[in-house]
Amino acid sequence: MVEEDPFDSTFKESLLKSCGKNFKMSHTGCIADGLEFLKSHSPDVLILDLNPKGGNGIGVVRTIRSTYPGLPIIVLTSGENEDTATDVQGFGAQDYLVKGKFDAAMLNRSVRYAIDCKNRDMALSKHQTLLHTFIDALDHPLMLIDSDSGDITMANAKARKLFSGILFSGDAACDPTGPAPLPGVLAELIEQVKTRQTVISRYVNMTLEKGRQIRLAFYGCPLPSSSDSSGRVVLYGHDITWLSKLQPDWPVLVTAMEQFPEAVLIMDEDRTIRYVNPAFETQFGYSNAEINGKSPNLLIPVKQLPDLDALIRQSIEHGEAWAESLVCRKKDLSLLEVNVRVSPVFDDLGRLINIVAVTQDVTGKKRLKSIEEASSMTENLGSIFSGIRHEIGNPMNSIKMALTVLNKNLGHYPEATIQEFIERSLNEVERVESLLKEFKNFSLFESPSVEKNRIDVILQGFLGGMKKKESARHIAVSGPPVRDRKEVWAYTDPQALEQVLATLTDNAIDALESTAQPRIQFRLTESAGLVHLDISDNGCGMTEDQQKALFTPFNTSKMNGTGLGLVMVKKMLARMDTTIRIKSSPEAGTCVTLAIPTEKNRH
């Protein structure tokens, strides 16, 4: 308490104690002692005489508020100065008491009220600081306008910087100094917002410092107050200079859209159709007027609605074009199959504003492709059946001949000759069994489970088993150096890939049969969205004619080969969107390269 009269201070301390509360009071007789006391103490509340010794009440309140903003202040005044005490509250005091007109309960209430009031003020100040920080961080100009006077009462950093020297002469955080009058078009905008109490926008051309020309879209939003005043207006600007530069090209772009051969459908952020081009009208039968304002679900059978929803959602989530094949429904209810490519459109704040869908009718192409595939399948089946007849017919003829001869001479042949005929027949049976096993393997991995996997881990696991098996044959097997090993991710089916590696390695081992120092080397590299897996050997190699026939069924140069190994490899790799390339030269060895995609094919 800062109180010149010691008796008054002692009396007030006794009043507080009579309330039964645990109060502790410190007293100084003049303002200088009080300020000195505050340097080393942190009281919960300050009780201050309005006319303290050595200072002016209002000036002291201002000083204390600026130096100790968190300290609650109660002012003591005489009856004739009650109006002045009320004014002091506007300069930072929380409450006032009139000397000789309060008791213990009033004093206790005032102390509690002052503390609670200051706590609320500090919390509000903290939130205001946070709000000002947020507004200052916005990347677009924002100003708060008094709708009655037209004065700019607040402006963020972007507004102060952009309009420096035009609307502002200072750079104080959020609170502008020396604001100039608003340009006429903005003043009109504020007046219209004030009158109509709704959000209104205007395009404004402005000349900034150094003569730079910009075009802005201003949005005025009313903030009504609880008083008789019409309140304030939030003025938000958006630089659209770049957009205005495109305007001369709009007729060209519109013409291009109208002439575009594929159907184009533009939706707003709520998935409501807002535009379709003439190609869409031709493809689906709906005119722009008929389909505008409708949902794209109108074009999709019920069973495919989840597919359309997933397509749009994935496009928005990934922020890029997303494509899928869908069955659609025309106006006449007939169906067509289309390739749909959906692209989201965002503004420079990252907000979704449009969704563009481009559709291509592939019904006719699919029908022609089916006819072509059916024709090709018929030719392939003829070739395959011919190969099967030959591959199974040869051992069956050998078995039949051996058993016929043995049957006629069973009573005459010695035991050793009979054993030879039996072994010859069993060898042919094993040949047929091997062929049937290849047919079984050919049907495996029809639908591989393609997921993102570590190719380096799959390769190391395969090499670990292979090195143990091939060490007895004295074949040097090497993979990527351990010191250079890193995580290599790509989309594949681990089991299918291991089956492919096993087949290719078996071919390499056969090619090394006559090589003095046989070796097989595996290498991993990455480029252009692909992982390249090389399997090279220093074996006998192949001629150009041999390489041309590599993927022909039943074509083989091996004594006991079926000619189906590489056919199955190519089939499995195609199912995994992986390609195979083989380079070879006679006596120089062979290198097989697999190109495995690092991104899943979603098109």
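The structure under discussion appears in the preceding block.
Sequence order sets the numbering: in each chain, residues are counted from 1 along the sequence as written. A pLDDT threshold of at least 70 governs which residues receive local features in this predicted model, and a stricter bar of 80 or more applies before side-chain atom pairs are shown or counted, although totals over entire chains, interfaces and linings include all residues. Hydrogens and water molecules were not included; the side-chain quantities draw on all heavy atoms of the structure.

Undergrad: Please explain the pattern of salt bridges as it appears in this structure.
TA: Side chains that carry opposite charge are capable of pairing whenever their charged atoms lie near each other. When a carboxyl oxygen of Asp or Glu is within 4 Å of a side-chain nitrogen of Lys or Arg, the pair counts as a salt bridge. Summed over the entire model, instances satisfying the criterion amount to 13 salt bridges. Residue Asp268 is joined to Arg274 by a salt bridge in which the shortest nitrogen-to-oxygen separation is 3.1 Å. We call a residue buried when its accessible area falls under 20% of the maximum for its residue type, exposed when it is over 50%, and partly exposed in between, using a 1.4 Å probe and counting protein chains only. Given the relative accessible area of 41%, Arg274 is considered partly exposed. Of the charged contacts, one joins Glu487 and Arg454 as a salt bridge, the two residues approaching to 3.6 Å between their closest N and O atoms. Separated by 33 residues along the polypeptide, Glu487 in the loop between β15 (476-478) and β16 (489-492) and Arg454 in strand β14 (residues 451-454) bring together distant segments of the chain. On the basis of relative accessible area, Arg454 is assigned to the partly exposed category, the value being 27%. Here the residues in one salt-bridge network are Arg271, Asp309 and Arg313, joined through shared partners. Segments assigned H or I by DSSP are reported as helices when at least four residues long, segments assigned E as strands when at least two residues long, and all are numbered from the N terminus.

Undergrad: Where do I start with the nonpolar core in this structure?
TA: A general feature of soluble globular proteins is that nonpolar side chains tend to end up buried together. Take the buried Ala, Val, Leu, Ile, Met, Phe, Trp, Tyr and Cys residues and link them wherever side-chain atoms come within 4.5 Å; each set so joined is a nonpolar core. Of all hydrophobic cores here, the largest spans 38 residues; its most connected members are Ile455, Leu501, Leu504, Ile520, Phe522, Ile580 and Leu594. Among the secondary structure elements, those contributing two or more residues to this core are α15 (455-470), β16, α16 (494-511), β17 (519-527), β18 (530-537), α18 (565-575), β19 (579-585) and β20 (589-597). Sorting elements by how many residues they give to this core places α16 first, with seven residues. The next biggest cluster of nonpolar side chains, apart from the first, holds 23 residues, and it includes Leu299, Ile300, Leu308 and Val342.

Undergrad: It is not clear to me how the sheet that holds strand β13 (residues 352-361) should be interpreted in this structure. Could you clarify?
TA: The strands that make up a sheet are held in pairs by hydrogen bonds between backbone atoms, and each pair lies either parallel or antiparallel. Here five strands make up an open sheet; going across it, the order is β10-β9-β13-β12-β11 and the pairing antiparallel. The strands lining the two open edges of the sheet, one partner per strand, are β10 (273-276) and β11 (322-329). Averaged over all adjacent pairs, the angle separating strand axes in this sheet is 30 degrees, with direction ignored. Two strands qualify as a pair provided DSSP detects at least 2 bridges between them. Inspection of the sheet shows strand β9 (residues 263-268) paired to β10 by three bridges, in the antiparallel sense. When the sheet's bridge partners are listed, Ile266 is paired in β10 with Tyr275. Along the sheet face, helix α12 (residues 305-318) touches β9, β11, β12 (335-346) and β13 and points at about 155 degrees away from the line of β11. A fitted line through C-alpha atoms represents every axis, and for helices the fit uses only the stretch in contact; the resulting angles, taken between N-to-C directions, go from 0 to 180 degrees. In this description, contact between two residues means that some pair of their heavy atoms is separated by no more than 4.5 Å.

Undergrad: Would you mind going over the pairing of β9 with me for this structure?
TA: Walk down a regular strand and you will see the side chains alternate between the two sheet faces. Taking burial as the measure, the six residues of β9 include six buried ones, the bulk of the element. Along β9, one buried face is formed by Ala263, Leu265 and Met267 and the opposite face, lined by Val264, Ile266 and Asp268, is buried too. Inspection of the sheet shows β9 paired to β13 by six bridges, in the antiparallel sense. Bridging from a neighbouring strand, Ile266 pairs with Val356 of β13. Here β9 folds back onto β10, and the loop between the two strands holds four residues, one of which, Arg271, carries a positive phi near 65 degrees.

Undergrad: Explanation requested: the environment of Leu459 in the structure shown.
TA: The topology assignment puts Leu459 in helix α15. Residue classification places Leu459 among the buried positions, given a relative accessible area of 1%. Separated by 21 residues in the primary sequence, Leu459 and Pro480 place their C-alpha atoms 9.3 Å from one another. Aside from chain neighbours lying at most four places away, what touches Leu459 is Pro480, Leu501, Phe522, Leu524 and Leu533.

Undergrad: Would you mind showing me how to read the packing of α16 against α18 here?
TA: Each pair of packed helices can be summarised by the angle the axes make with each other and by the distance between the axes. Look at α16 against α18: their axes get within 10 Å of each other, and the N-to-C directions meet at 150 degrees. In terms of their interaxial angle, α16 and α18 are classed as roughly antiparallel. The way α16 lies across α18 gives a crossing that is left-handed. Packed against α16, whose contacting residues are Ala496, Gln499, Val500, Thr503, Leu504 and Asn507, the element α18 presents Gly565, Leu566, Val569, Met572 and Leu573 at the interface. Nonpolar residues are Ala, Val, Leu, Ile, Met, Phe, Trp, Tyr, Cys and Pro. Charged residues are Asp, Glu, Lys and Arg, and all others, Gly as well, are polar. The class makeup of the residues in the contact of α16 with α18 is seven nonpolar, four polar and no charged. The scheme is simple: roughly parallel for angles under 35 degrees, roughly antiparallel for over 145, roughly perpendicular for 65 to 115, oblique for anything else. Take the far helix as your reference; a near helix turned counterclockwise from it by less than a right angle gives a left-handed crossing, and one turned clockwise gives a right-handed crossing.

Undergrad: Before we go on, may I ask you to explain the packing of aromatic side chains in this structure?
TA: Any pair of aromatic rings gets described here by the distance separating the centres and the angle formed by the planes. Each pair of aromatic rings taken from Phe, Tyr and Trp, with Trp reduced to its six-membered ring, is defined by centres within 6.5 Å and is described as stacked if the planes are under 30 degrees apart, edge-to-face if over 60, and tilted in the remaining cases. Applying the stated criterion to the full structure yields five aromatic pairs. Pairing Tyr413 with Phe421 gives two aromatic rings, centres 5.7 Å apart and planes at 25 degrees, and the pair type is stacked. For the pair Phe462 and Phe522, a centre-to-centre distance of 6.2 Å together with 70 degrees between the ring planes defines the contact as edge-to-face. Of this pair, Phe462 sits in helix α15 while Phe522 sits in strand β17, and the two are 60 residues apart along the sequence. Under the relative-accessibility criterion, Phe462 is labelled buried at 14%. The buried category is assigned to Phe522, whose relative accessible area is 1%. A ring is considered to have a charge above it if a Lys NZ or an Arg CZ atom is located within 6 Å of its centre and within 35 degrees of its normal. Between Arg424 and the ring centre of Phe421, over which it is positioned, the NZ or CZ distance is 5.0 Å. When the ring centre of Phe551 is taken as origin, the NZ or CZ atom of Lys570, which lies over that ring, is 4.6 Å away.

Undergrad: Can you help me understand the sheet that holds β15 in this one?
TA: Read across the sheet, five strands follow the order β15-β17-β18-β20-β19 without closing on themselves; strand pairing throughout is mixed. Since the sheet does not close on itself, it has two edges, and those belong to β15 and β19, each with one partner. Across the sheet, the mean angle separating the axes of adjacent strands is 15 degrees when strand polarity is ignored. Two strands pair when backbone bridges link them, and β17 and β18 are joined in this way by eight bridges, in the antiparallel orientation. Paired with Glu526 across the two strands is Val531, which belongs to β18. α16 contacts β17, β18, β19 and β20 of the sheet and is inclined by roughly 170 degrees relative to β20.

Undergrad: I tried to follow unusual backbone geometry on my own but got confused; where do I start?
TA: Excluding glycine, residues mostly carry a negative phi; peptide bonds, for their part, are mostly trans. Phi is positive for Asp577, close to 60 degrees, though the residue is something other than glycine. Tracing the sequence through the fold places Asp577 in the loop between α18 and β19. One non-glycine residue, Glu587, adopts positive backbone phi at about 65 degrees. Tracing the backbone shows Glu587 in the loop between β19 and β20. On the accessibility criterion, Glu587 (69% relative accessible area) is exposed.

Undergrad: Please clarify how helix α5 (residues 104-137) should be interpreted in this entry.
TA: One turn of the α-helix equals 3.6 residues, which is why residues spaced by three or four share an orientation. The length a helix should cover is 1.5 Å for every residue beyond the first. Between its first and last C-alpha, α5 extends 50 Å over 34 residues, near the 50 Å set by a 1.5 Å rise per residue. Of the residues making up α5, those classed as buried are Ala104, Leu107, Asn108, Ser110, Val111, Ala114, Cys117, Lys118 and Ile135.

Undergrad: What is the right way to look at the side chain of Ser315 in this model?
TA: Turning to its location among the elements, Ser315 is positioned in helix α12. Since its relative accessible area comes to 1%, Ser315 is described here as buried. Not counting the four nearest positions on each side in its chain, Ser315 is found in contact with Glu320, Trp322, Val342, Ser343 and Pro344.

Undergrad: What is the right way to read helix α7 (residues 184-196) from this model?
TA: Helix length check: α7, at 13 residues, gives a terminal C-alpha distance of 18 Å against a target of 18 Å (1.5 Å per residue), a fit within 8%. Where α7 is buried, its residues touch β4 (142-146), β6 (200-207), β7 (213-223) and β8 (232-239). One or two residues past the end of α7 sits Gln197, with phi positive at roughly 50 degrees.

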